[in-house]
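One letter stands for each residue in the lines below.
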Amino acid sequence: MNHPPDPPQDPLPPPFTHNQPTPTLLTQGAEALLYRTHFLTPSHPCALKYRPSKPYRHPILDKRLTRHRILSEARTLVKCRREGVSVPGVLALDAEGDGASGGWMMMEWIEGRTVREVLIEGAKRRKDDRDEGVGEEWEEGMRLMMGKIGRVVGRMHEVGVCHGDLTTSNMMLRPLDKVQQNGEATNGEHVRRFGEILQGDIVLIDFGLAGQSLQDEDKAVDLYVLERAFGSTHPEAEEGFQEVLRIYGDSYKGAKVVLKRLEEVRMRGRKRSMLG
Ligand SMILES: Nc1ncnc2c1ncn2[C@@H]1O[C@H](COP(=O)(O)OP(=O)(O)OP(=O)(O)O)[C@@H](O)[C@H]1O
Ligand SMILES: [Mg+2]
């Protein structure tokens with residue numbers, strides 16, 4: 001179970017102070033707070049990324065940094081969106097903030113869960129559930145999901161964007177529409193078949209550290225970070241990572257060179273860990 005984070009110390013800036021219902025805090029990272037709220041009408045959910053000002057930083061430097069992060073994340077999201085990389089759409093932002101309060105960016109709400117959460121639940125259910133055929137269903141689901149990850153990362157690199165923090169927490173699995181699932185009842189966890197938790201589209205999020213890059217090295221480092229994320233937190237999914245690389249390698253011209261480069265990045269990583 002995820003425990004709800006502590007309430008934030010900083011109240012939200014205007015115009016979010018009078019929002020009814022009040023925004024719900026989802027996560028509190030080192031730099032940003034993530035809320036679920038709504039855009040224009042309560043029936044239109046959205047995600048609000050708020051970067052409060054840091055009292056320990058020099059006010060001018062602090063404002064400049066916040067502004068830079070918000071604009072750079074928004075620009076990258078807009079570019080990805082335009083180029084057909086699956087990311088949340090940007091709805092609104094205030095990079096300047098109001099006095100000492102920091103800045104924010106509002107984006108499309110993505111239904112579903114992070115890939116990390118899905119893999120953790122899957123591992124748990126696999127342990128509890130010894131039904132026949134479950135293993136095959138899971139493996140097939142994993143293969144498909146890994147392939148989708150390879151494709152979306154490939155498309156992002158093809159358009160010249162490097163993510164900078166490509167982990168399983170920074171990609172979401174958005175379930176398919178109920179209509180697409182043949183109208184079968186899918187509400188209620190227990191109704192869903194085992195492999196279904198792996199179905200859906202991959203949406204990349206958290207472009208706070210992203211940059212425009214055409215360098216093979218930067219792309220290879222993205223893949224290396226992702227490989228490490230799979231290897232360290234989801235060892236059972238490590239094998240499946242080959243499928244990410246296989247589909248990635250076929251996804252754009254130049255991808256094979258990046259895979260070659262990945263081997264070098266791995267070697268350097270290994271040397272570094274030997275030196276401690
Ligand atoms: N558009 C969205 N729709 C739904 N949930 C989201 C959305 N964006 C983020 N989330 C959820 O909020 C969590 C934190 O978001 P994000 O990764 O962008 O912030 P962060 O890691 O705190 O940011 P940063 O690393 O830039 O300081 C995500 O892991 C995800 O669960
Ligand atoms: Mg994140």
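Above: the structure in question.
Criteria and thresholds
- Residues numbered from 1 in each chain as written.
- Chains lettered and ligands numbered in written order.
- Predicted model: local features only at pLDDT ≥ 70, side-chain atom pairs only at ≥ 80, totals over all residues.
- Heavy atoms only, no water.
- Near = heavy atom within 4 Å.
- Polar contact = N/O pair within 3.5 Å; in protein donor to acceptor, adjacent residues only side chain to side chain.
- Areas by Shrake-Rupley, 256 points an atom, 1.4 Å probe, with all protein chains shown as cover.
- Helix = DSSP H or I, 4+ residues; strand = E, 2+ residues; numbered from the N terminus.
- Donors = N, O, S within 2.8 Å, 3.2 Å for Na, K, Ca; no water.
- Buried < 20%, exposed > 50% of the residue type's maximum accessible area, 1.4 Å probe, protein only.
- Pairing = 2+ DSSP bridges.
- Contact = heavy atoms within 4.5 Å.
- Axes fitted to C-alpha atoms, helices over the stretch in contact; angles between N-to-C directions.

Draft legend 1. Just the site of ligand 1, in detail. For ligand 1, the set of nearby residues contains 19 residues, the closest of which are Lys 49, Glu 108, Ile 110, Asn 170 and Asp 206. Within the contact set of ligand 1, an oxygen atom lies 3.2 Å away from a side-chain nitrogen or oxygen of Arg 51. Asp 206 is positioned such that a nitrogen or oxygen atom in its side chain is 2.8 Å from an oxygen atom of ligand 1. The fraction of the free accessible surface of ligand 1 (620 Å²) that becomes covered by protein chains is 85%. Put simply, the parts of the chain that give the shell around ligand 1 at least two residues each are strand S3 (45-51) and strand S5 (103-108).

Draft legend 2. Representation of the coordination of the magnesium ion (ligand 2) in the model. Distances from the magnesium ion (ligand 2) to its protein donors, Asn 170 (OD1) and Asp 206 (OD), fall within 2.2 to 2.3 Å. In this pair, Asn 170 sits in the loop between strand S7 (161-162) and strand S8 (171-174) while Asp 206 sits in the loop between strand S9 (201-204) and strand S10 (211-212), placing the two residues 36 residues apart along the sequence. Judged by its relative accessible area of 6%, Asn 170 falls in the buried class. The exposure class assigned to Asp 206 is partly exposed, which follows from its relative accessible area of 27%.

Draft legend 3. The pairing of S3, seen in detail. Of all the 7 residues making up S3, 6 are buried; the element is thus mostly covered by neighbouring parts of the structure. As judged from the 6 bridges shared by strand S2 (residues 33-38) and S3, these two strands associate in the antiparallel manner. Bridge pairing links Leu 34 to Lys 49 in S3. What sits between S2 and S3 in their antiparallel hairpin is a turn of 6 residues, with Leu 40 showing a positive phi close to 65°. With 6 bridges joining them, S3 and S5 adopt antiparallel strand pairing. Note that in S5 the partner of Ala 47 across the bridge is Met 107.

Draft legend 4. The environment of Asp 250, seen in detail. With respect to the element layout, Asp 250 can be found in the loop between helix H5 (241-249) and helix H6 (255-275). Among the residues examined, Asp 250 registers a relative accessible area of 56% and is labelled exposed. Considered as a pair, Asp 250 and Arg 151 are 99 residues apart in the sequence and their alpha carbons are 8.5 Å apart.

Draft legend 5. Structural detail: the sheet that holds S9. Across the sheet, 3 strands lie side by side as S6-S8-S9; this open sheet has antiparallel pairing. Single-partner strands in this sheet number two, and they are strand S6 (113-114) and S9. Bridge count for S6 against S8 is 2 bridges, and the pairing is antiparallel. Looking at S8, one finds that Arg 113 is bridged to Leu 173. Those strands touched by helix H3 (residues 134-158) are S8 and S9, and its axis lies near 40° from that of S9.

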